[in-house]
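Read off the chains here:
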Amino acid sequence: MDRFLSSWKSAEDPARGEFSFRIDPHGYPQLLLKRGNTTWQRGGSWDGIKFTSTPRPKASPVLTSEFVFNSKEDRVIIENGQFDQCENYAFCGPNTRCEMTRNPICVCLDGFTPKSPVDWNFSDWSGGCNRRTPLNCSGKDGFLKYTANKLPDTSSSWFDKSIGLRECEGLCLKNCSCTAYANLDIRGGGSGCLIWFGDLIDTRKSTGDGHDLYVRMDSSELVANVKKGNFSKKKKGALIASTAVLGIAMLMLGMLFCIRRRNHRTHNNSEEVSKEDMELPIFDLSTIAHATDNFSSRNKLGEGGFGPVFKVTSSYLPVETIFYVKPTELFLWLLGHIERRSRNSSEKAFKKFWARIK
C-alpha cells in the first residue's frame, strides 16, 4: 500500500494537490518531496539516528526520532528541517558534491571532470561530471573516502543489514557495476552495507556529522590523488614557513632601519655641535665682565629679546676669538648677567646673534 502526505489543491479545496511527501520504496527507503512525478527534494535515507539530509537532532527527554522498516510496515516520524540551495534535488548533477561553504557550491568528485565545461563555467551544473578514467574492473580499483555526507540517492542501491564495512567493500569490488559503498547504520561504530550502482546523484556535504562515503576509483586516479594530497601538504607547509621567514626578515629590517636612523641622527647632531663649537666661541663670565667693565652702562649699546648688547675692545679678549663688526668695535651677545647653565642654549643664542650681525 502506497501511503503519503499530499498538499491541498488550493487554500479552499482540500482535494489532493500536486505536491506529495512520501517514502520511496525503491532500493533502500528514503524520504522524497515530489511535485507530480518529479522529485523536488530528498530527505535521504535513515542512518539509525536521523535522515541523512538533517543534522543530528539534539537529545530530548520528550521527543525522539524513529523510522520503522521491516517486512510488515514502513513508518516514519516526520521532522521539520531547514532547507538551502543544496537541498534541491540533483542541483549539481550526477557525480558531484554540493557544499554550501564553497564558491561555487558545486564541485566534481575527485577523479571526475565537468560533462560540459562551458555550462559548468556559466554556473549550470545540472549536467554533472564524468569519470576522467573509466573503471576497467581489473581488480586494481580502490576507494576514495569522503567524510560528512548526505548519502547519494538510494533508489538504485542495494543493502544488507547483516554485514559490515569490510565485507561491503569486497562485494563492491566483485561487482563491476558498483560505484560506491557506505555503512547502513552509523550507530556503534557503523554496521550494515549500502551499495550504489551507476551515477551518484544528489550528494552533499552534510551540515552535521554525516556519513562516510567510499567512491570507487581507478588505481591511476588514486595514485594521482595521493600525490595531490602530498603536494598540497608540502605546499601548505612551504607557505607557512615562507610567511614566517618573511615576517622575521621584515621585523629585522625594521629594527635595523630604526637603529641606523637613530645613529645617523646622533652623528649629525654631533657634527652640528662640533661645527658650532668651531664657529661660535664661548667665553666665561669673568672674561665677559672684565671686557664690558663689569657690564657698565657706558658700554651698553642696546637691548633686545635675548638680552643686552655691550661693546668691548679687542684688548680684553684673545685675538683668535675676536670677530669684528667694525674695525674698532666688537659686539657680543649676552643672554643675561648669570653664567649660562646650558651649553646648547648658549650656542643657539650665539648662532642667532651671529646671523643678526653678519
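Our structure is the block above this text.
A brief structural summary. (Residues numbered from 1 in each chain as written. Predicted model: local features only at pLDDT ≥ 70, side-chain atom pairs only at ≥ 80, totals over all residues. Heavy atoms only, no water.)

### Side note on the nonpolar core
Logical step 1: F112, W196, L213 and V215 are the most contacted members of the largest nonpolar core, which has 29 residues in total.
Logical step 2: Taken together, the elements giving at least two residues each to this core come down to strand 8 (106–108), strand 11 (142–150), strand 13 (178–182), strand 14 (193–197) and strand 16 (211–217).
Logical step 3: When residues of this core are assigned to their parent elements, the largest contribution, three residues, is made by strand 16.
Logical step 4: Residues contacting F112, with those up to four places away along its chain left out, are N95, C129, N130, R131, R132, V215 and M217.
Logical step 5: By size, the runner-up hydrophobic cluster in this structure holds nine residues, among which are F143, C168, I195 and Y214. (Core = buried A, V, L, I, M, F, W, Y, C linked by side-chain atoms within 4.5 Å. Buried < 20%, exposed > 50% of the residue type's maximum accessible area, 1.4 Å probe, protein only. Helix = DSSP H or I, 4+ residues; strand = E, 2+ residues; numbered from the N terminus. Contact = heavy atoms within 4.5 Å.)

### Focus on the sheet that holds strand 2 (residues 16–24)
Pairing between the strands of a sheet is mediated by backbone hydrogen bonds and can be parallel or antiparallel.
Logical step 1: Spatial strand order, 1-2-3-4: four strands in an open sheet with antiparallel pairing. Strand pairing shows two members of the sheet lacking a second neighbour, strand 1 (4–8) and strand 4 (38–45), which therefore form its edges. Pairwise comparison of adjacent strand axes, ignoring direction, gives a mean angle of 15° for this sheet.
Logical step 2: As defined by bridge partners, strand 1 adjoins strand 2 across four bridges and the pair is classed as antiparallel. Bridged to L5 within strand 2 is F21. (Pairing = 2+ DSSP bridges. Axes fitted to C-alpha atoms, helices over the stretch in contact; angles between N-to-C directions.)

### Topic: the packing of aromatic side chains
Logical step 1: Under the definition given, this model contains five aromatic pairs.
Logical step 2: Ring centres 4.8 Å apart and planes at 85° place the aromatic pair F143 and Y181 in the edge-to-face group. With a gap of 38 residues between them, F143 in strand 11 and Y181 in strand 13 connect regions that are remote in the sequence.
Logical step 3: The exposure class assigned to Y181 is buried, which follows from its relative accessible area of 3%.
Logical step 4: A centroid spacing of 4.8 Å and a plane angle of 10° characterise the contact between Y181 and Y214, whose relative ring orientation is stacked. Here Y214 lies in strand 16 and Y181 lies in strand 13, a separation of 33 residues in the sequence.
Logical step 5: Through pairs of rings, three or more aromatic residues link up here, namely F143, Y181 and Y214. (Phe/Tyr/Trp six-rings, centres within 6.5 Å; stacked < 30°, edge-to-face > 60°.)

### Let's talk about the side chain of D202
Logical step 1: The residue D202 is located in the loop between strand 14 and strand 15 (204–205) in this model.
Logical step 2: D202 sits in the buried class, given a relative accessible area of 5%.
Logical step 3: At 3.2 Å, the side chain of D202 and the side chain of K150 are in polar contact.
Logical step 4: Leave out the neighbours within four places in its chain, and D202 touches R42, C86, N88, Y89, A90, K150, L151 and P152. (Polar contact = N/O pair within 3.5 Å; in protein donor to acceptor, adjacent residues only side chain to side chain.)

### Some points on the side chain of K150
Logical step 1: By the element assignment, K150 lies in strand 11.
Logical step 2: Residue K150 is classed as buried on the basis of its relative accessible area, which comes to 1%.
Logical step 3: For K150, the side chain forms a polar contact with the main-chain oxygen of R42, separated by 2.9 Å.
Logical step 4: Reaching out from K150, the side chain makes a polar contact with the side chain of E87 at a distance of 3.3 Å.

### A few points about the pattern of salt bridges
Side-chain pairing between opposite charges can occur once the charged atoms of the two side chains come close.
Logical step 1: Across all of its chains, the model carries eleven salt bridges by this definition.
Logical step 2: A salt bridge links R204 to D84, with the nearest nitrogen and oxygen atoms 2.9 Å apart. Here R204 is found in strand 15, whereas its partner D84 is found in the loop between strand 6 (74–76) and strand 7 (96–98), with 120 residues between them in sequence.
Logical step 3: Looking at R204, the relative accessible area reads 4%, which means it is buried.
Logical step 4: Of the charged contacts in the structure, one is a salt bridge between R132 and E221, with a shortest N-O distance of 3.0 Å. Of this pair, R132 sits in the loop between strand 10 (129–131) and strand 11 while E221 sits in helix 3 (residues 219–279); the two residues are 89 residues apart in sequence, bridging distant segments of the chain.
Logical step 5: In this structure E221 comes out as buried when scored by relative accessible area, which is 9%.
Logical step 6: Salt bridges here are not isolated pairs; linked through shared partners, they connect R42, D84, E87, K150, D202 and R204. (Salt bridge = Lys/Arg side-chain N within 4 Å of Asp/Glu carboxyl O.)

### Quick word on the state of the cysteines
What makes a disulfide is a covalent bond joining the sulfur atoms belonging to two cysteines.
Logical step 1: Counted according to the given criterion, the structure contains six disulfides.
Logical step 2: Bridging C86 to C98, the disulfide has an S-S length of 1.9 Å. An S-S torsion of about -75° defines the bridge between C86 and C98 as left-handed. On the criterion of sequence distance, the pair formed by C86 in the loop between strand 6 and strand 7 and C98 in strand 7 is long-range, its members being twelve residues apart.
Logical step 3: Here C86 falls in the buried class, since its relative accessible area comes to 2%.
Logical step 4: Residue C92 pairs covalently with C106 via a disulfide, S to S 1.8 Å. Every disulfide takes its handedness from the sign of the S-S torsion; for C92 and C106 that torsion is -75°, giving left-handed. Placement of C92 in the loop between strand 6 and strand 7 and of C106 in strand 8 is noted, with a sequence separation of 14 residues between them.
Logical step 5: Note on C92: relative accessible area 4%, which makes it buried.
Logical step 6: For C106, a relative accessible area of 3% translates into the label buried.
Logical step 7: By sequence-ordered numbering of the bonded cysteines, the protein chain has its disulfides arranged as 1-3, 2-4, 5-6, 7-10, 8-12, 9-11. (Disulfide = S-S within 2.5 Å.)

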